[in-house]
Every structure is written in C-alpha cells, then in structure tokens.
Amino acid sequence: MSKPVTGDFTKTAGWMDWYTGPSQPAFQLPAGAVDAHCHVFGPGAEFPYAPERKYTPCDASKQQLYALRDHLGFARNVVVQATCHGADNRAMVDALVHSGGKARGVATVKRSVSDAEIQAMHDAGVRGVRFNFVKRLVDFTPKDELMEIAARISKWGWHVVIYFEAVDLPELWDFFTALPTTVVVDHMGRPDVSKPVDGPEFELFLKFMRQHPNVWSKVSCPERLSVTGPKALDGERHAYVDVIPFARRVVEEFPDRVLWGTDWPHPNLKDHMPDDGLLVDFIPHIATTAELQKKLLVDNPMRLYWPEESKGA
Ligand SMILES: O=C(O)/C=C(\CC(=O)C(=O)O)C(=O)O
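Residues numbered from 1 in each chain as written. Predicted model: local features only at pLDDT ≥ 70, side-chain atom pairs only at ≥ 80, totals over all residues. Heavy atoms only, no water.

Peer 1: Looking at this structure, I do not really get empty space enclosed by the protein. What am I missing?
Peer 2: Here the structure, examined in full by the defined rule, presents one cavity of 30 Å³ or more. Taken as a whole, the largest cavity holds about 100 Å³ of empty space. Along its surface, the largest cavity is lined by 15 residues, and His 39, Arg 130, Leu 137, Tyr 163 and Pro 267 are the ones closest to its centre. Along the lines of polarity and charge, the residues of the lining of the largest cavity split into five nonpolar, six polar and four charged. (1 Å grid on protein atoms, 1.4 Å probe; cavity = no way out; pocket = protein on both sides within 12 Å on 5 of 7 lines; lining within 4 Å. Points joined across faces, edges and corners; volume = space filled by probe spheres on them. Nonpolar A, V, L, I, M, F, W, Y, C, P; charged D, E, K, R; others polar.)

This is the structure:
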C-alpha cells in the first residue's frame, strides 16, 4: 500500500498513522466478506476536515482503503463517517460513489438536513446515520434533535449506529430503547475488558441486546479495547486475548445481529497501530465455526446494507 500523507493540515500531536505493509491474513475470509466498519480521511486538500473536529488525522483515501480491502480479501466495505469530518459527508459519499457498488455508508447529519440531501445520500449508498456519545470525539447534541433525525431517516429504511462508552449505557438506555429503527452498537459499547465478562457492566449490555431484537453489535476494535494485548504486530496471530471472551459471548448469543470491521485507518490509537492482516486473524477466535463466520462477515452485513441482494439470509 502507498504511504500515508499528511496533506494541508497539521496532524494532532502524537497522531499514529496507519500501518503500511499489512501481512496476508492466515484466516481466509469467506467469499463476499464485508468490512463493516472503516473510514476515509480526506484527503484534506480535497475534502477539508471540519472546523469543529476534535482531532486532525493523516489522510486516508478511498484508493488506499480499497487497496486494503483487496489485500485482505474483503469483497465490500461499509464506510462510516468519521467525526473529523463533522456532518460534511462529502469524503465518505465520494468513496461510495467510486466503489463500483462495493461500498455502502453511514453518515452524520444535523436536524437541518433536507429530504433532498437524504435522498442524494441514499442514492450514493448511505444506509444509516451515526450518533456519537463519546465525549472526547464530539460536542453534545440534544436527544430530541437526534430522535427527530432517527424518525426522518427511518422513512428511507436507514438504521442508527450508536457509539458510547460502557459506563454511559445506564444514562442513555431510555433514549436508545426508544429509537424506532434498527440500532447498531459500535465496538460492543466499549466494555472495560479488565472487568469480568459475566459482571454487571457487560451483563447490562447483553440485556440491552436480549430485550431489544432491533439492536445489533459490531464485535470490532479489540485493539482499542484490549488492556493485556498481545498486540497484532510482528506475526502475532493470537492477539488481544482479553477481548476474546467478550466478543465471543456476543457472537454466540446473537449470531444474526453481529458485524465486524477493521476500523481502518484506526483513528486516535495511542499505544500501537495494528497490522490489519493480523487483525483479520482475530476473527476465528471470536467466531469459531464456519457458520458463525459466514453470518458475521457475509449474511448479516448483506442483510443490513445490501438487502436487495441478500437472499433471505
Ligand atoms: O473509529 C472508531 O470507530 C472510533 C473512534 C473514532 C471515531 O469514532 C470517529 O472519529 O468517528 C475513536 O474511538 O476514536
């Protein structure tokens, strides 16, 4: 892959660029696998970063994303609007439009978005909006505004992606459970994996999924959640062992409501940048049979993002 470029903007101090030269995964992805959580950044010279952003990344272009897709063996991508672009979805939409139908997207919108703008994004391949509650990433948006957006986008059959920290789930519960759409949780609601997998905090998350069949989860980002490692670097094919029991629990209890993604280009990692090939090798540790792997990587994302192609899977 080509090297990351900084472009016109000055990166946040300590910013870690994505890993160049990812290894070939040992795990062979099933045919038609979807990387259901990844981002593009800029390039800033073409698609400037938002004035209200909380971080300034290196550029990560659509060409680089699609080169990674091909290298790892994925067939498709779901490109999620990154907060460094605010509610300006042009970079994400441009990536969809130039994917040859192999990418769908999740946008960030404000209350002021028009029906014509929603329709144009739909035509480009957007199928959801993201509500971010991680305080270091975004300023607070009132819940009545978000609920109004959810009601509007539901008319296009879109879903809502939510990103929050585990400690905030009790406070957000009533809002989340009132959402009228399919709801997809990013990274299992960011559990503290140093706590027990059968402890009250993760049990609340499982209860959230159990009681609400419209709630799905991405079992992604072990590199963000892990405390013990080992890191997916230097050929390590058994990385992030402390995250495995959490992700495996979700995959096994809710096999038809889980998604997986690389999270490339891995915004805001502070400790290390994973080798994305080794990250793919994490998958068989959490989805341990061919049947679970196919649901996680093919059937579920196809049902949510390409329902017109999904044969009742
Ligand atoms: O990429 C992710 O999923 C996680 C992020 C970044 C993010 O959400 C964003 O910029 O939109 C994080 O924890 O910093």
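Read on, since the account is not over.
Peer 1: Got a minute to help me understand unusual backbone geometry in this structure?
Peer 2: Of all residues except glycine, most have a negative phi; of all peptide bonds, most are trans. A cis amide bond links Gly 229 to the next residue, Pro 230, at an omega of -5 degrees. With an omega dihedral of 0 degrees, the bond running from Trp 264 to Pro 265 counts as a cis peptide bond. Even without glycine at this site, Cys 221 takes up a positive phi of about 70 degrees. Along the chain, Cys 221 falls in the loop between strand E7 (215-218) and helix H7 (222-225). Among the residues examined, Cys 221 registers a relative accessible area of 1% and is labelled buried. Despite not being glycine, Asn 268 has its phi angle at roughly 65 degrees, a positive value. You can see Asn 268 is positioned in the loop between strand E8 (258-259) and helix H9 (276-280). (Helix = DSSP H or I, 4+ residues; strand = E, 2+ residues; numbered from the N terminus. Buried < 20%, exposed > 50% of the residue type's maximum accessible area, 1.4 Å probe, protein only.)

Peer 1: What is the right way to read the site of the ligand from this model?
Peer 2: Neighbouring residues of the ligand: 17 residues in total, closest His 39, Tyr 55, Arg 130, Tyr 163 and Asp 263. At 2.8 Å from an oxygen atom of the ligand is found a side-chain nitrogen or oxygen belonging to Thr 83. With respect to the ligand, the side chain of His 187 contributes an N or O atom lying 2.8 Å from an oxygen atom. Comparing atom positions with the cavity grids shows the ligand to sit within the largest cavity. A per-class count over the shell around the ligand returns five nonpolar, seven polar and five charged. (Near = heavy atom within 4 Å. Polar contact = N/O pair within 3.5 Å; in protein donor to acceptor, adjacent residues only side chain to side chain. Sits in = over half its atoms within 2 Å of the grid points.)

Peer 1: Looking at this structure, I do not really get the UniProt feature "domain: Amidohydrolase-related" (unreviewed entry) in the chain. What am I missing?
Peer 2: Per the UniProt annotation, the sites labelled "domain: Amidohydrolase-related" (unreviewed entry) are residues 34-305. Counted over residues 34-305, helix gives 37% and strand 13%. Its end C-alpha atoms are 10 Å apart. (UniProt positions renumbered as here; feature names shortened; annotations may be inferred.)

Peer 1: Just checking my understanding: could you explain the sheet that holds strand E2 (residues 76-80) for this structure?
Peer 2: Sheets are built from strands paired through backbone hydrogen bonds, the pairs being either parallel or antiparallel. Ordered by their spatial adjacency, eight strands build an open sheet running E1-E2-E3-E4-E5-E6-E7-E8, and the pairing between neighbours is parallel. Strands at the two margins of the open sheet, each flanked by one partner only, are strand E1 (34-38) and E8. Relative to E2, E1 runs parallel, the two sharing three bridges. The partner of Val 34 across the bridge, within E2, is Arg 76. (Pairing = 2+ DSSP bridges.)

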